Amino acid sequence: MAIKYSVPAIIEKLFRTSEASKEELITLLGVLIKEDEAFLLEKAFEKRNEIYGNSVYVRGLIEFSNYCTATCNYCGLRSDNTIERYRLSEDQIITQCKIGYDFGYRTFVLQSGEDPWYTKDRLVAIVAGIKKCCTDAAVTLSIGERTEEEYQAFFDAGADRFLLRQEAYNKKLYDNMHPGMDHENRISCLRTLKKIGYQTGAGFMVGIKNQTLENIAEDLIFMKELQPDMIGIGPFMPSQNTPYEKESPGDAELTLRVLAITRLLVPHALMPMTTALVSLCPEIRERALKAGSNVIMPNLTPDNGGYKYKLYDNKSVTEGLDQEKMAALSKKIKEVGFDLQMVRGDVIK
Ligand code: 5AD
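Residues numbered from 1 in each chain as written. Predicted model: local features only at pLDDT ≥ 70, side-chain atom pairs only at ≥ 80, totals over all residues. Heavy atoms only, no water.

1. What to know about the site of the ligand
Every residue lining the ligand is accounted for by Tyr74, Cys75, Gln111, Arg165, Glu167, Met205, Pro235, Phe236, Met237, Leu311 and Tyr312. Arg165 has a polar side-chain atom sitting 2.8 Å from an oxygen atom of the ligand. With respect to the ligand, the side chain of Glu167 contributes an N or O atom lying 2.5 Å from an oxygen atom. Burial of the ligand by the surrounding chains reaches 86%, relative to a free accessible area of 410 Å². In the shell around the ligand, the residues fall into 8 nonpolar, 1 polar and 2 charged. (Near = heavy atom within 4 Å. Polar contact = N/O pair within 3.5 Å; in protein donor to acceptor, adjacent residues only side chain to side chain. Areas by Shrake-Rupley, 256 points an atom, 1.4 Å probe, with all protein chains shown as cover. Nonpolar A, V, L, I, M, F, W, Y, C, P; charged D, E, K, R; others polar.)

2. With respect to helix α3 (residues 34–52)
Across its 19 residues, α3 extends 26 Å between first and last C-alpha, which sits within 8% of the 27 Å expected from 1.5 Å per residue. Among the residues of α3, those classed as buried are Asp36, Glu37, Leu40, Leu41, Lys43, Ala44, Lys47, Arg48 and Tyr52. Projected onto a plane normal to the axis of α3, the buried residues spread over an arc of 160° and lie on a single side. Exposed side chains of α3 directed beyond 90 degrees from the buried face belong to Lys34, Glu35 and Glu50. On its buried side, α3 packs onto α1 (7–17), β1 (55–58), α10 (252–265) and α12 (285–291). (Helix = DSSP H or I, 4+ residues; strand = E, 2+ residues; numbered from the N terminus. Expected span 1.5 Å × (residues − 1). Buried < 20%, exposed > 50% of the residue type's maximum accessible area, 1.4 Å probe, protein only. Arc of directions from axis to C-beta. Contact = heavy atoms within 4.5 Å.)

3. Focus: the packing of aromatic side chains
The description of two aromatic rings rests on the distance between their centres and on the angle between their planes. For the structure on display, the rule yields 10 aromatic pairs. Ring geometry for Phe155 and Tyr198: centres 5.0 Å apart, planes at 65°, overall edge-to-face. Of the two residues, Phe155 is situated in helix α6 (residues 148–156) and Tyr198 in the loop between α8 (183–196) and β6 (199–206); the sequence distance between them amounts to 43 residues. For Phe155, a relative accessible area of 25% puts it in the partly exposed group. By relative accessible area, Tyr198 is classed as buried at 3%. Pairing Tyr169 with Phe222 gives two aromatic rings, centres 4.5 Å apart and planes at 15°, and the pair type is stacked. Here Tyr169 is found in the loop between β5 (161–163) and α7 (171–177), whereas its partner Phe222 is found in helix α9 (residues 213–226), with 53 residues between them in sequence. By relative accessible area, which is 1% here, Phe222 ends up buried. Through successive ring pairs, a cluster of aromatic residues spans Tyr151, Phe155, Phe162 and Tyr198. Against the face of Tyr67 rests Arg87, its NZ or CZ located 3.8 Å from the ring centre. (Phe/Tyr/Trp six-rings, centres within 6.5 Å; stacked < 30°, edge-to-face > 60°. Lys NZ or Arg CZ within 6 Å of the ring centre and 35° of its normal.)

4. Remarks on the pattern of salt bridges
Using the criterion set out here, one finds 36 salt bridges in the structure. A salt bridge links Lys195 to Glu148; its shortest N-O distance comes to 2.9 Å. Within this pair, whereas Lys195 is found in helix α8, its partner Glu148 is found in helix α6, the two being separated by 47 residues in sequence. Taking the relative accessible area as the measure of exposure, Glu148 reaches 40% and is therefore partly exposed. With its nearest N and O atoms 3.5 Å apart, the salt bridge here joins Arg344 to Asp160. One end of the pair, Arg344, is in the segment after β9 (339–341); the other, Asp160, is in the loop between α6 and β5, with 184 residues separating them in the sequence. Note on Asp160: relative accessible area 16%, which makes it buried. (Salt bridge = Lys/Arg side-chain N within 4 Å of Asp/Glu carboxyl O.)

5. Some thoughts on unusual backbone geometry
Here the phi dihedral of Glu167 falls at roughly 70°; this positive angle occurs in a residue that is not glycine. Here Glu167 lies in the loop between β5 and α7. The phi dihedral of Asp303 is positive, around 50°, even though this residue is not glycine. The topology assignment puts Asp303 in the loop between β8 (295–296) and α13 (323–335). Look at Asp303 and you get exposed, because its relative accessible area is 68%.

6. Focus: the pairing of strand β4 (residues 138–142)
Taking burial as the measure, the 5 residues of β4 include 5 buried ones, the bulk of the element. Inspection of the sheet shows strand β3 (residues 107–112) paired to β4 by 5 bridges, in the parallel sense. The residue bridging Gln111 from the neighbouring strand is Ser142, located in β4. Across 2 bridges, the pairing between β4 and β5 is parallel. Paired with Leu141 across the bridge in β5 is Phe162. The parallel pair β4 and β5 is bridged by α6, and the resulting crossover is right-handed. (Pairing = 2+ DSSP bridges. Right-handed = clockwise from strand over helix to strand, strands pointing away.)

Treat this as a map of the structure, not an account of what it does.
Shown next, in the form of structure tokens:
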């Protein structure tokens, strides 16, 4: 296909209007010329500064259960995978938030596999319990697909935000990655979460088996349409004993370009520095912050859940309750011009 526009012209257009066609996005994703890539990252950096300045928000991540009924081909927690499973009790989760709160955290992300042991009532009690002892903190749930009634109940109990990556907007690719799961329901859950009033997070992996640049462009266009408050984008990482264990990891440089384009398409988005990206390429942190990442999620799980929350191999962990390690992280981030902040960090619109 003939390239109709120069790369800088597309980037300028994105910067001004955040409009782009699928063809233009594919052209941008394919950018290999270093000069043009530098221009893209520069523009993303400007946009990020315009909205969030040099802030990087900190969220305390609690991985409270690695039980999962889902069958995602790429994920180490998939139900068929024989791994040691663990669950935190309601009290343990609330206590851990309180410890985090006393440390200074003002946002907690409660993440688990799709684990029905946590019934609607249990989760309502957990959310309400956290809100009671950490009144001005935001609670984010990342627990997968539930019914609208459940989502509403968690929201009414005080949950502020919900993360649910679409994983792939293209149905064929989604079905390929998720045998027996329902693409339509996934997308419909995201729309329901937005309707209820959650600050809603979506996202996808870069470099998953069978994904084309066109598929990534489709996810980007979906992000532009959905305008989520949070967007998680990280490279695919192979995980032992899963159907995708022998696949190559996603490309860090491509992930960086995807982040930068996303910053231009959804300027207000809160975008975490994903553990997957840091695990794949620790030295990319600074460039990812510049390309538009503005959230870091250190781990508050007691004993790191015995390192059993293994979505993929070689997952790096930032220990969030270690004063020295957190001070070192803050210093490192300051050195590259950013400011780590322990605040609620709501979306700026
Ligand atoms: N590599 C990278 N990211 C993964 N996730 C799950 N498994 C992997 C993997 N093998 C991502 C999914 C999920 C999020 C919690 O982690 O996109 O939504």
